[in-house]
Amino acid sequence: KKRNPHEPEYLQAVEEVAETVVPFILSNEIYNGKQILTRMVEPERVLMFRVPWINDSGEIIVNRGYRIEMNSAIGPYKGGLRFHPTVNLSILKFLAFEQVYKNALTTLPMGGGKGGSDFDPKGKSDVEIMRFCQSFMSELFRHIGPNTDIPAGDIGVGSREIGYLFGMYKKLRNEFTGVLTGKGMSWGGSLIRPEATGYGTVYFAQSMLETRGDTLKGKTITVSGSGNVAQYACEKATQLGAKVVTLSDSSGYIYDAEGINEDKLAFVMNLKNNIRGRISEYVKEYPNATFFAGERPWGIKCDVAMPCATQNEVSGEDAKLLLSNGCYVISEGANMPSTPEAVHNFQAAKILYAPGKASNAGGVATSGLEMSQNSLRINWTRDEVDKRLKKIMADIHDSCTKYGKNENGYIDYVRGANIAGFVKVADAMLAHGVV
Ligand code: NDP
């Protein structure tokens, strides 16, 4: 706290892990007294750099770029890039810290990192996005590489941005390598990568329900966000027989009691990915739905909630509202969407609650599969990748159960995920000595 006084999100993420991991360390001779958590909370390297670019009016704009290389004990740094005006050191350090644990849970050899910029892509022309991405990469390229640090997408960074970033990297390095994931299918991408985070979040919910002999069929689901993760969570949940009734963006949420079926989702995907419009336009197309400006969807009655927008979007009060309306499954698609108060409310109610570092790990896991395919110079089929994704999500569920199951049978997924991730990274750090 003394060293990072202006980093509330980072402190929140570390405290959440420390709550469960510190008692574990104290009761385990192998880890006790080795300062492993103290070492883990200090990033191996933090890069901050100027990103100057010229907008369509000919003005020079200066943004700040970042890459946090958090931990490389079990593999090269891996984690997304976020372009959003709220980006700062605190948010990226929290995301990088979470990423270390999440990547360890995937069973794949990936360390943790995160990066991005306070650049706001909203309202920018395609050419402005390209100029910004090129300027960003003209510094980042010297710090990353297929065996060192492999960035991917996150909020505000989708396949278009990855394309521009990759193009610049390739030009500067004069080499075609798997240095980024989330690439297009014709130039090294993996099938199922766009779908993976959302699908994985749904698969995880399914695994949790199985522990109570239940399935997603017939369940009502509230989803927040309407970007990459939300879209594919909605798609998979609908395919498995559930009814998704909400989606949102930063201007509010839409409620469609009839359910957002395949056709309606296709409308949302075109609206968000091509036209880049606002979610409120949904009600113009489907007048039976309602738009609630400036609100979040947690007051709508549901069985399952999937927060898929951003950090701290479910407050303690929102959690109480969800619980009082009968919600008993939370599978987080976003990173740290629930505040500490919300998490404590979910745990006290003993519902099925999965923290993002477990339930949204399908995205980075499939990025790991993209890296493997790039190294092997082959492409797996859609079925093959989906099968591997399902297996990885089931394995993450098993790891959470191994370390999180209480004597009374209740699975504390937060404790399970934190300890399972910690053990894997800590063992590697111990083996490497104090470096
Ligand atoms: P997108 O940029 O595709 O979509 C983000 C969505 O969340 C948009 O609907 C956006 O609305 C909304 N949103 C963003 N910031 C806010 C905010 N401050 N308040 C309200 N709504 C907001 O991003 P992704 O879908 O990729 O990411 C969503 C979450 O999932 C993030 O927490 C991300 O870290 C996490 N995640 C993503 C992975 C991936 O593979 N993409 C992997 C693992 C986690 P608007 O358009 O109005 O800004």
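Residues numbered from 1 in each chain as written. Predicted model: local features only at pLDDT ≥ 70, side-chain atom pairs only at ≥ 80, totals over all residues.

Visitor: Got a sec to walk through the sheet that holds strand S3 (residues 77–83)? Specific residues and values, please.
Guide: If you walk across this open sheet you meet the five strands as S1-S2-S4-S3-S5, and the pairing is mixed. For this open sheet the edge positions go to strand S1 (45–54) and strand S5 (149–152), each flanked by a neighbour on one side alone. Neighbouring strand axes in the sheet, compared pairwise and without regard to direction, differ in orientation by 20 degrees on average. Here S3 pairs with S5 via four bridges, running parallel. Along S5, the bridge assignment pairs Tyr77 with Asp149. Strand contacts of helix H3 (residues 89–105): strand S2 (60–71), S3 and strand S4 (112–117), with the helix running at about 150 degrees to S4, the strand carrying the most contacts. (Pairing = 2+ DSSP bridges. Helix = DSSP H or I, 4+ residues; strand = E, 2+ residues; numbered from the N terminus. Axes fitted to C-alpha atoms, helices over the stretch in contact; angles between N-to-C directions. Contact = placed C-beta atoms within 7 Å.)

Visitor: Please give an account of helix H11 (residues 340–348) that cites residues and values.
Guide: The set of residues buried in H11 consists of Ala342, Val343, Asn345 and Phe346. In an axial view of H11, the angular spread of the buried residues amounts to 160 degrees, which keeps them on one side of the axis. Where H11 is buried, its residues contact helix H10 (316–324), strand S11 (329–331), strand S12 (352–354) and helix H15 (413–432). Positive backbone phi, approximately 55 degrees, marks Lys350, located one or two places after H11. (Buried ≥ 20, exposed ≤ 12 C-beta atoms within 10 Å, placed from the backbone. Arc of directions from axis to C-beta.)

Visitor: Could you give me a rundown of the domain arrangement of the protein chain, with the residues and numbers involved?
Guide: Splitting the protein chain by domain gives domain 1 (43–177) and domain 2 (194–359). Between the C-alpha centres of domain 1 and domain 2 there is a distance of 27 Å. The partner domain 2 presents seven residues to the eight residues of domain 1 that form the contact. Each residue belonging to the side of domain 1 that touches domain 2 can be placed in one class, and the counts come to five nonpolar, one polar and two charged. (Domains from an automatic or database assignment. Nonpolar A, V, L, I, M, F, W, Y, C, P; charged D, E, K, R; others polar.)

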